[in-house]
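Remarks on the overall topology
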Amino acid sequence: DVKVTQSSRYLVKRTGEKVFLECVQDMDHENMFWYRQDPGLGLRLIYFSYDVKMKEKGDIPEGYSVSREKKERFSLILESASTNQTSMYLCASRLPGVNTEAFFGQGTRLTVV
Amino acid sequence: GQNIDQPTEMTATEGAIVQINCTYQTSGFNGLFWYQQHAGEAPTFLSYNVLDGLEEKGRFSSFLSRSKGYSYLLLKELQMKDSASYLCAVGVSGGYNKLIFGAGTRLAVHP
């Protein structure tokens, strides 16, 4: 059974903290993605990675960074958490190719207080 | 710019048929995906269309018209477990298999 695993389902952090969200996939996929999901806005792409140590900004990268040191692991970093980063964060992975499906993790609901 | 529109909410009756529409305006087109997302769970893949026409997969079918920038997801013989959000996503060219998602349609199935 293919799997994308996010390290936490729920997180509560304080404003200004550095936050790490971890994602691991077991499908040997080259492409990995971080989205945030907000009501009425759908999934918005924060960052994606197409190979180890390679990354590209998505549509809303401000306030975030990423790390991909190993093929199976893609980390999202909130450098200094703010209340407007309270959201559901979803990690996904895909094989290269335009018709490949994305596999999603269960999501991390982050609350910044 | 990139824009994908779908209705916010729909309701339907168990056993009925429902059609969820999606219209898109994107730069480049590499196909259209539908995903299902139950509350609190990960989105899961339902279908992919890249050619015009209807693709049928059991109780679910998906239609695409590229010239109209339009797709729909058709759910037949609705069951209570079909209550979920349905996400339309377009693959766009210009970088690494990027997917642009609509805001999703929340479907409630009633007895």
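Before any of the text, the structure's been laid out above.
Description of the structure in this document. Bear in mind the structure is a predicted one, so any value in this text is a computation, not a measurement.

Scoring rules and cut-offs
Residues numbered from 1 in each chain as written. Chains lettered and ligands numbered in written order. Predicted model: local features only at pLDDT ≥ 70, side-chain atom pairs only at ≥ 80, totals over all residues. Heavy atoms only, no water. Pairing = 2+ DSSP bridges. Helix = DSSP H or I, 4+ residues; strand = E, 2+ residues; numbered from the N terminus. Axes fitted to C-alpha atoms, helices over the stretch in contact; angles between N-to-C directions. Phe/Tyr/Trp six-rings, centres within 6.5 Å; stacked < 30°, edge-to-face > 60°. Buried < 20%, exposed > 50% of the residue type's maximum accessible area, 1.4 Å probe, protein only. Contact = heavy atoms within 4.5 Å. Polar contact = N/O pair within 3.5 Å; in protein donor to acceptor, adjacent residues only side chain to side chain.

Our next topic: the sheet that holds strand 7 (residues 60–65) of chain B. Residues and elements named next belong to chain B. Pairing is antiparallel in the open sheet, where five strands are placed in the order 1-3-8-7-6. Either end of the sheet is taken by a strand with one partner, and the two such strands are strand 1 (3–5) and strand 6 (53–57). Across this sheet, the average inter-strand angle for adjacent strands is 15°, counted without regard to direction.

On to the packing of aromatic side chains. All told, the structure shown has 16 aromatic pairs over all chains when counted by the stated rule. Between Tyr35(A) and Phe104(A) the ring centres are 6.1 Å apart and the planes differ by 45°, which places this aromatic pair in the tilted class. Of this pair, Tyr35(A) sits in strand 4 (residues 31–38) while Phe104(A) sits in strand 10 (residues 103–104); the two residues are 69 residues apart in sequence, bridging distant segments of the chain. Grouped by ring-pair contacts, the aromatic residues Phe33(A), Tyr35(A), Phe48(A), Phe104(A), Phe33(B), Tyr35(B), Phe45(B), Tyr48(B) and Phe101(B) constitute a single cluster.

Moving on: the environment of Asp82(B). Residues and elements named next belong to chain B. Following the sequence through the fold, Asp82 ends up in the loop between strand 8 (70–75) and strand 9 (84–92). Judged by relative accessible area, which is 2%, Asp82 ranks as buried. Non-local contacts of Asp82, meaning those with residues more than four positions away in its chain, are made with Gln36, Arg59, Phe60, Leu75, Glu77, Leu107 and Val109. Within the structure, the side chain of Asp82 is placed 2.8 Å from the side chain of Arg59, a separation counted as a polar contact.

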